[in-house]
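Here are the chains, one letter per residue:
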Amino acid sequence: MRVYLSVDMEGVTGLVDADDVQPGGRDYERGRSMMAEDVNAAVRGALAAGAADILVNDAHGPMRNLLPEALHPTVRLVRGKPRQMGMLEGLTSEYDAVLCVGYHSRAGTPGVLSHSFMGHEIEDMWLDGRPVGEIGLTHATAAALGVPVLALTGDDVACAEMTAWDASVVTVPVKYAHDRFAAELRPEAEARKAIEEGVAAALSQVLSQAGTPALTPSPHRPASPAASSASSAEATLTVRWQSTSVATTLLGLPGVTADDSRTIRATGQLPALYRQFVVWTRVAASLTNQAPYC
């Protein structure tokens, strides 16, 4: 069984503030250690469930938060950028499952450190008219590759967002949001045990069904990897930016149209549409200098 971990930082055990998750922040070094421990808990769960190959993708910010020496010695690590597939770099249809570790809720929600990909700069996103953030777009893109998301860890708001997107995903809340920069934290040992046990239980679906997880068909989750490969369905991604400059500049790309002065959209097949969105974020980063959590 091959398992892919996409690892963000805002939803990691014990972290609640920008200083916990941004390089240079007063508690960033502690934050990256906590991040590694959540990853290792998920890895232990995956190994207990029979995983033979595990790829970890450092998907947060600079994408070099995880130190290789801090991780379980059996895993391979994707680290650094730029990348064509961002938070899903390295994911292919050859994997049996995706695990989302340390994820956060989308922009506009009351979750801890909530945002969608670019903090202040992206105000809202929709996939086929449905509000979406990192959770939903990750799930939809993985589904297009024929790989199910089987577990997610983060705060309770992120867990609820995943459940609303796909109720079959095992969710592990490691903290309970009181506001965007405040939460009630589960004890570290308890949270890590819950991550390990939750991942093991989620991945047991793969083995119990002879390598084919039981999937509920949906517009963004095909009934099987074969269905995913054969699917030609298109999706529409819409993004409202804080800056009119970003929207105007992106209109120079083929297939991008405007809804208004700050809102653009494009239609295409996932995962190609996801790759195009990664380009949008690079353009936006080159044009703006907004702090992620202002």
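Residues take numbers from 1 onward in each chain, read along the sequence in its written order. Totals for whole chains, interfaces and linings use every residue, but because this is a predicted model, local features are given only for residues with pLDDT of at least 70 and side-chain atom pairs only at 80 or more, for both listing and counting. Side-chain numbers here rest on the full set of heavy atoms in the structure, without hydrogens or water.

Q: How would you summarise helix H4 (residues 156-165) if you had to cite specific residues and measurements?
A: Summary of the burial criterion: residues with accessible area below 20% of their type's maximum are buried, those above 50% are exposed, and those between are partly exposed, where the area comes from a 1.4 Å probe applied to protein chains only. Note on conventions: DSSP H or I runs of at least 4 residues are helices, E runs of at least 2 residues are strands, and numbering of each starts at the N terminus. For H4, the complete set of buried residues consists of Val 157, Ala 158, Cys 159, Glu 161, Met 162 and Trp 165. Every residue pair with non-hydrogen atoms within 4.5 Å of one another is taken to be in contact. Where H4 is buried, its residues contact strand E4 (97-103), strand E5 (122-127), strand E6 (130-131), helix H3 (134-144), strand E7 (149-155) and strand E8 (170-179).

Q: Please set out the packing of helix H2 (residues 28-48) against helix H5 (residues 188-208) residue by residue, giving values where relevant.
A: Under this scheme, a helix contributes an axis fitted over its contacting stretch, all axes are lines through C-alpha atoms, and angles between N-to-C directions fall in the 0 to 180 degree range. The geometry of H2 relative to H5 is characterised by a closest axis approach of 7 Å and an angle of 35° between their N-to-C directions. As H2 packs across H5, the resulting crossing turns out to be right-handed. For the pair H2 and H5, contact is made by Met 34, Glu 37, Asp 38, Ala 41, Ala 42, Arg 44, Gly 45 and Ala 46 and by Glu 188, Arg 192, Ile 195, Glu 196, Val 199, Ala 200 and Leu 203, respectively. Polar here means any residue outside two lists: the nonpolar Ala, Val, Leu, Ile, Met, Phe, Trp, Tyr, Cys and Pro, and the charged Asp, Glu, Lys and Arg; Gly therefore counts as polar. For the contact of H2 with H5, the per-class residue count stands at eight nonpolar, one polar and six charged. Note on convention: the crossing is left-handed when the near helix lies turned anticlockwise from the far helix by less than a right angle, right-handed when the turn is clockwise.

Q: Give me the lowdown on the sheet that holds E8, citing residues and values where you can.
A: Two strands are counted as paired when DSSP detects at least two bridges linking them. Across the sheet, seven strands lie side by side as E3-E2-E1-E4-E7-E8-E9; this open sheet has mixed pairing. Pairing within the sheet leaves two strands with one partner each, and these edge strands are strand E3 (76-78) and strand E9 (182-185). The mean inter-strand angle of the sheet, taken between neighbouring strand axes irrespective of direction, is 25°. Sheet topology places strand E1 (residues 2-7) next to E4; five bridges connect them, and they run parallel. From the neighbouring strand, Leu 5 faces E4, where its bridge partner is Leu 99.

Q: If you had to explain the pattern of salt bridges to someone new, which residues and values would you point to?
A: The rule for a salt bridge is simple: a side-chain nitrogen of Lys or Arg has to be within 4 Å of a carboxyl oxygen of Asp or Glu. Scanning the entire structure with this criterion turns up 13 salt bridges. The residue Glu 29 makes a salt bridge to Arg 32 at a minimum N-O spacing of 3.2 Å. Placement of both Glu 29 and Arg 32 in helix H2 is noted, with a separation of three residues, approximately one turn of the helix. By relative accessible area, which is 51% here, Glu 29 ends up exposed. A salt bridge links Arg 262 to Glu 123; its shortest N-O distance comes to 2.9 Å.

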